[in-house]
Amino acid sequence: MDLAVQLSYFAAAVLFIIGLKAMSSPVTARRGVMWAGVGMVIATVATLFHPSVEGVSNIVLIFIAIVIGGGFAWYTAIKVKMTEMPQMVAVYNGLGGGSAGAIAAVSLLQGARAADDTGVATQMGSDVAVLALLGGVIGSVAFSGSMIAWAKLDERFKKSTLVENHQWWNVGLAVLTLLLAVWVYHTGSGFPILLFFIAALALGIFITVPIGGADMPVVISLFNALTGLAVGFKGYVLGNLALIIAGTVVGAAGMLLTFLMAKAMNRSLANILFSGFGAAPAAAQSDEEGEMREVGPEDGAYMMAYADRVIIVPGYGLAVAQAQHKLWEMVELLHKHDVDVKFAIHPVAGRMPGHMNVLLAEAGVPYDMIFDMDEINEEFEGTDVVLIIGANDVVNPAAREDEASPIYGMPILNVDYAENVLVVKRGRGAGFSGVENKLFLRDNTRMVFGDAQKVVGEMVQTVKGM
Amino acid sequence: MIEVGGIVALYVFMLAAVAGYEVIARVPVILHTPLMSGSNFIHGIVVVGAMVALGVAETPLEQLIGFVAVLLGAANAVGGYVVTERMLEMFKSSKKEDG
């Protein structure tokens, strides 16, 4: 039976890697996650026959915990709206980190009980003890940090500092956690273990609070990688190769994903983690002359219907207004007028890289009509109309032209090279970053003021009546 | 139980890290959100470790913490799977094909 359990873990590890590999293309991704799901079920069922799982009461507890935890997660996962996906990913990730932390607590308590004042390390072996402590810290930080990330993305928590001299508190807590870890290592009692976990949880909170909401997806990705690493360490502590392999694969993949995301925002990871203090840039007042030219939704609709080529640039404002379904209706109508329509997506549109793609997919937009910035940026020149909905900073030419601008150097969509630009926007104010957008003052730009849902609805009516 | 010696575990660790890097290196931005959620699901395997930890728990305190570990791990795995599947289900090509 033991060999059968080990072989099941092996099969699960293979299925995880195949599943992740399949996620590199939208054609195979769904099959991939299903394979990984099969692997998860095999590993979980096999563990019920694991030689060290014994005692009827514990097995009953295992069943109850799986039913409650799994059932609750299934319910929330079915209910969550696509616009709220980033914070949901943060929550599930935090739960995994919390689980890794709790396993570390059980292992350390067992070590302490058996050690009886001779030191946890002598009982567990020093390498295992160190990895248990490391996994405990990382898992706890990922847990409490992810919960703060969720609260920030959900706009329940907006503070950027808890105390004066926040940075020093971070350093102090990190040192304290380390000292407590040393204490746990050398004693055999439960009290230092308790203090150690409290300090580690507080550390996760203090690290995450100063980081701005816009940077949060990168931080979630980092915590995702850290949870993977903590799971890998747990695998070592428990002598379970499936955990080592799955955790490490996720750890490495997550680190790479984190760097890719930071790169898309033209920021370094260190910059995101340590510069959140009062990061709001002083709104650079531009001396650009000119004024915004306003047109109604009907005029905008006519421009697009008589165009040959239209590119649509959707932003988070579109998703908030829930206008993605109406937009797709309009695109289908434009197709009937023989207009070539494409979608252009900036890597950081939405709340998380790739989030905008998910929102458009929800509305039924086929993924082969959606193009990344690098694929489409040269096509704006020669395009008749660009329709921008609820996006601001990612189309601001100041990032390319104005060295004094806070967003200078960020890669943007070159929409200003198009013949005509239509901007759907709720008001005349500056965008999310507080930077004024000179695009709105250009000769070839027309503003359509109003709620995205309402404006696109009127455009649909106009095109229908043509 | 197959014993995992320190140096063997180190080899496994290194190879798994390389595999993780290689597997993800060429993923397009379009799939970054589902991928993050999908890799999140995979570290839900921690539930297996939690089951073992609870399985060998002896004192009530160990049982309580082990119970929490299994509960959180199961929630991680199930929630991660369902949201990933929900997102990927929506991705469709404009060319009609069965898949």
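Residues numbered from 1 in each chain as written. Chains lettered and ligands numbered in written order. Predicted model: local features only at pLDDT ≥ 70, side-chain atom pairs only at ≥ 80, totals over all residues. Heavy atoms only, no water.

Helix and strand content of chain A: 18 helices and six strands. Its C-alpha atoms put chain A at 80 × 50 × 30 Å along the principal axes. Across the 466 residues in chain A, those meeting the buried criterion constitute 56%. Sequence separation of at least 24 residues holds for 78% of the intrachain contacts in chain A that already meet a minimum separation of 6. (Helix = DSSP H or I, 4+ residues; strand = E, 2+ residues; numbered from the N terminus. Buried < 20%, exposed > 50% of the residue type's maximum accessible area, 1.4 Å probe, protein only. Contact = heavy atoms within 4.5 Å.)

Moving on, we come to the domain arrangement of chain A. Residues and elements named next belong to chain A. For chain A, the domain assignment lists domain 1 (80-274) and domain 2 (297-464). On a C-alpha basis, the centroid separation for the pair domain 1 and domain 2 is 39 Å. Facing the 12 residues of domain 1 at the interface are 17 residues of domain 2. Taking both partners together, domain 1 and domain 2 bury about 1200 Å²; carbon and sulfur atoms supply 70% of that area. Of all residues in domain 1, Met-82, Thr-83 and Ala-264 bury the most surface against domain 2, accounting for 40% of the area lost on that side. Inspection of the domain 1/domain 2 interface yields zero salt bridges. Across the contact surface, domain 1 and domain 2 share one residue pair in polar contact (both at pLDDT 80 or more). By residue class, the composition of the side of domain 1 that touches domain 2 is nine nonpolar, two polar and one charged. (Domains from an automatic or database assignment. Buried area = accessible area lost by both parts, 1.4 Å probe. Salt bridge = Lys/Arg side-chain N within 4 Å of Asp/Glu carboxyl O. Polar contact = N/O pair within 3.5 Å; in protein donor to acceptor, adjacent residues only side chain to side chain. Nonpolar A, V, L, I, M, F, W, Y, C, P; charged D, E, K, R; others polar.)

Turning next to the nonpolar core. One finds Leu-108, Met-304, Leu-327, Phe-343 and Leu-387 of chain A together with Ile-45 of chain B to be the most contacted residues of the largest nonpolar core, which totals 162 residues. Broken down by element, this core gets its largest block of residues, 16 residues, from helix H4 (residues 85-115) of chain A. Residue-level mapping places this core at the junction of two domains, with at least three residues from each of domain 1 (80-274) and domain 2 (297-464) of chain A. Setting aside its immediate chain neighbours within four residues, Leu-108 of chain A contacts Val-120, Met-124, Ala-132, Leu-133, Val-184, Ile-193, Phe-196 and Phe-197 of chain A. Listed in part, the 26 residues of the second largest apolar core include Ile-376, Ala-391, Val-395 and Ile-412 of chain A. (Core = buried A, V, L, I, M, F, W, Y, C linked by side-chain atoms within 4.5 Å.)

Let us look at the packing of helix H1 (residues 2-22) of chain A against helix H2 (residues 29-47) of chain A. Residue and element names in this part refer to chain A. Their axes nearest at 8 Å, the elements H1 and H2 cross at an angle of 165 degrees. The angle between H1 and H2 places the two elements in the roughly antiparallel class. Handedness of the H1/H2 crossing: left-handed. Residues Val-5, Ser-8, Tyr-9, Ala-12, Leu-15, Phe-16, Gly-19 and Ala-22 of H1 lie in contact with H2, whose contacting residues are Ala-29, Gly-32, Trp-35, Ala-36, Val-38, Gly-39, Met-40, Ile-42, Ala-43, Ala-46 and Thr-47. Across the contact of H1 with H2, the residue classes tally to 14 nonpolar, five polar and no charged. (Axes fitted to C-alpha atoms, helices over the stretch in contact; angles between N-to-C directions. Parallel < 35°, antiparallel > 145°, perpendicular 65-115°, else oblique. Left-handed = near helix turned anticlockwise from the far one by under 90°.)

Every α-helix winds through 3.6 residues per turn, so residues three or four apart in the chain are directed the same way. Burial of helix H2 (residues 32-42) of chain B is extensive: 11 of the 11 residues sit out of reach of the surface. Turning to H2 of chain B, its buried residues number three or more, namely His-32, Thr-33, Pro-34, Leu-35, Met-36, Ser-37, Gly-38, Ser-39, Asn-40, Phe-41 and Ile-42 of chain B.

To continue, consider the packing of aromatic side chains. If you walk through the whole model with that rule in mind, you get six aromatic pairs over all chains. Taking the centre distance of 5.1 Å and the plane angle of 75 degrees together, the rings of Phe-196 of chain A and Phe-197 of chain A count as edge-to-face. Residue classification places Phe-196 of chain A among the buried positions, given a relative accessible area of 0%. Residues Phe-233 of chain A and Phe-13 of chain B carry aromatic rings whose centres are separated by 6.4 Å and whose planes lie at 10 degrees to one another, so their mutual orientation is stacked. Of the two residues, Phe-233 of chain A sits in helix H9 (residues 216-238) while Phe-13 of chain B sits in helix H1 (residues 6-24), which places them in two different chains. Overall, Phe-233 of chain A belongs to the buried group, its relative accessible area being 12%. (Phe/Tyr/Trp six-rings, centres within 6.5 Å; stacked < 30°, edge-to-face > 60°.)

According to UniProt, the "domain: NAD(P) transhydrogenase alpha subunit C-terminal" (unreviewed entry) feature falls on residues 10-92 of chain B. Here residues 10-92 of chain B runs as 81% helix and 0% strand, with 41 Å between its end C-alpha atoms. (UniProt positions renumbered as here; feature names shortened; annotations may be inferred.)

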